[in-house]
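Overview (structure and organization)
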2 protein chains.
Amino acid sequence: MNVLIVFAHNEPRSFNAAMKDEALRVLEGEGHQVQVSDLYAMNFNPVASAADFGSRANPDYLVYALEQRHAFNTGTLAPDIAAELEKVKWADLILFNFPIYWYGMPAILKGWVDRVFVSGFCYGGRRIYDQGGLKGKKAMLAVSLGGQAHMFGPEGIHGELEVLLQPILRGMLGYVGCTVLPPYVAWHVPYVSDAERAEILDGYRRHLLSLDARAPLRFPSLADYDQNLRPKAAVD
Amino acid sequence: MNVLIVFAHNEPRSFNAAMKDEALRVLEGEGHQVQVSDLYAMNFNPVASAADFGSRANPDYLVYALEQRHAFNTGTLAPDIAAELEKVKWADLILFNFPIYWYGMPAILKGWVDRVFVSGFCYGGRRIYDQGGLKGKKAMLAVSLGGQAHMFGPEGIHGELEVLLQPILRGMLGYVGCTVLPPYVAWHVPYVSDAERAEILDGYRRHLLSLDARAPLRFPSLADYDQNLRPKAAVD
């Protein structure tokens, strides 16, 4: 497999960095090819703007997704976006490795998605979910959290983690057609002992070695929706 | 009221910009004070990093939230963060005006939250939800979407919009203690006629004039949880 690790942490010696290094070691040990996009080290620009396009379909009025399509089709995406998109095309599995900030991605990673998951290639029109542009690729989150497991779930104070991660799991990764594997969650990382952290890291290693055994999350199938994306069974 | 509009769109003539201008006009017309943080115009930096702190609790190892607390307490937050935090303190109502990107905020706005909602002031320990640091302030989303209303909801292909917005509504705004009003959603904006857009804008005006009549969203009350944030009624 070709594996792309998209990694976002602002402390090079962080636990997330250890997870990234462990994934690299384990996956290469299994004979896979691995590339890492270390967004902080790359000083990646997360701001979607007019500067992302070398030519414009409409130079007077920016509709970001429409210009993505134009720039993709004309080969005029900004070089940093084009380089990341090449890695996405190359990858069979994309790992997103980051600390949860406000129940989502740190902005530097959110902006990687905003800019790199371009309309016209990754999705567009009815090319979403099981017809998405990244169909056939796997994706997985590997995240750390300050909170503890008991704070999540139907009775937990913060509600269900999988609900809070829906915009990512479904809205981004499922939407573009990836086969989304269950996330690996490292709980309470800043507050646990070194021994516990070593155990969490070992859990990640075992998780990575058993990806094939994990049932992917389920998302809509376009066959169940009509041309206007209304459910076929619905009575209007 | 003091109103802060946090605005994020990369096209100055966009519909979102028209919403921002309309809010400014309507709210000032009602006698409120309004400030706008126009993140693209400000070239706001959304990347949470070590550069955000003028002094460090631990110069050797960055734990972002811990350094936020230290920098807040010692008055050494980066000037751009400190300036935004002053606006947050000043505001009775914060409006977040943005186009939905991947079921969330554009990265430039996500990073505003990452950097400005500082630990130690906006939240910390048990100072969350109804005990949050921004208790007493109201917050509301005013968003545009490419999708149509029928694509959302229990039967909609994308699921329920309110579920997809949970990380923002609950995980950010409810978490820091804001009274969160229901979002105003401008559907299908890039694809509708000028007349329809005028109608959506008028709906926003009416929404803004009737904020007091809107029931806020409900989030946990800390009184229902013990010291470890376990539900008090739970049997372990």
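About the cut-offs
- Residues numbered from 1 in each chain as written.
- Chains lettered and ligands numbered in written order.
- Predicted model: local features only at pLDDT ≥ 70, side-chain atom pairs only at ≥ 80, totals over all residues.
- Heavy atoms only, no water.
- Least-squares fit on C-alpha atoms with pLDDT ≥ 70 in both.
- Contact = heavy atoms within 4.5 Å.
- Buried area = accessible area lost by both parts, 1.4 Å probe.
- Helix = DSSP H or I, 4+ residues; strand = E, 2+ residues; numbered from the N terminus.
- Nonpolar A, V, L, I, M, F, W, Y, C, P; charged D, E, K, R; others polar.
- Axes fitted to C-alpha atoms, helices over the stretch in contact; angles between N-to-C directions.
- Parallel < 35°, antiparallel > 145°, perpendicular 65-115°, else oblique.

The transformation that overlays chain A on chain B combines an axial shift of 0.0 Å with a rotation of 180°, and the residual RMSD is 0.0 Å. What we have between these two chains is a two-fold relation. Residues of chain A ranked by C-alpha distance from the rotation axis are headed by alanine 107 of chain A, positioned 2.4 Å from it. With an isologous cut-off of 70% or more, the 100% of interface residues of chain A that recur at the interface of chain B puts this contact in the isologous class.

Listed as interface residues are 55 residues of chain A and, on the opposing side, 55 residues of chain B. Roughly 4500 Å² is buried in total at the junction of chain A and chain B, and carbon and sulfur atoms are behind 63% of that figure. Looking at the side of chain A facing chain B, the largest losses of area belong to Trp102, His150 and Ile157 of chain A, adding up to 19% of the total buried there. For the side of chain A that touches chain B, the element with the highest residue contribution is helix α5 (residues 107-116) of chain A, accounting for six residues. Looking at the side of chain A that touches chain B residue by residue, the class counts come to 34 nonpolar, twelve polar and nine charged.

What follows concerns the packing of helix α4 (residues 79-90) of chain B against helix α5 (residues 107-116) of chain B. Helix-helix packing is characterised by the crossing angle of the two axes and by the distance between the axes. Residues and elements named next belong to chain B. Between α4 and α5, the least distance of the axes is 10 Å, while the angle of their chain directions is 90°. Taken together, the axes of α4 and α5 lie roughly perpendicular to each other. The segment α4 lies against α5, with Asp80, Ile81, Glu84, Leu85 and Val88 engaging Trp112, Arg115 and Val116. Considering only residue class, the contact of α4 with α5 consists of five nonpolar, no polar and three charged.

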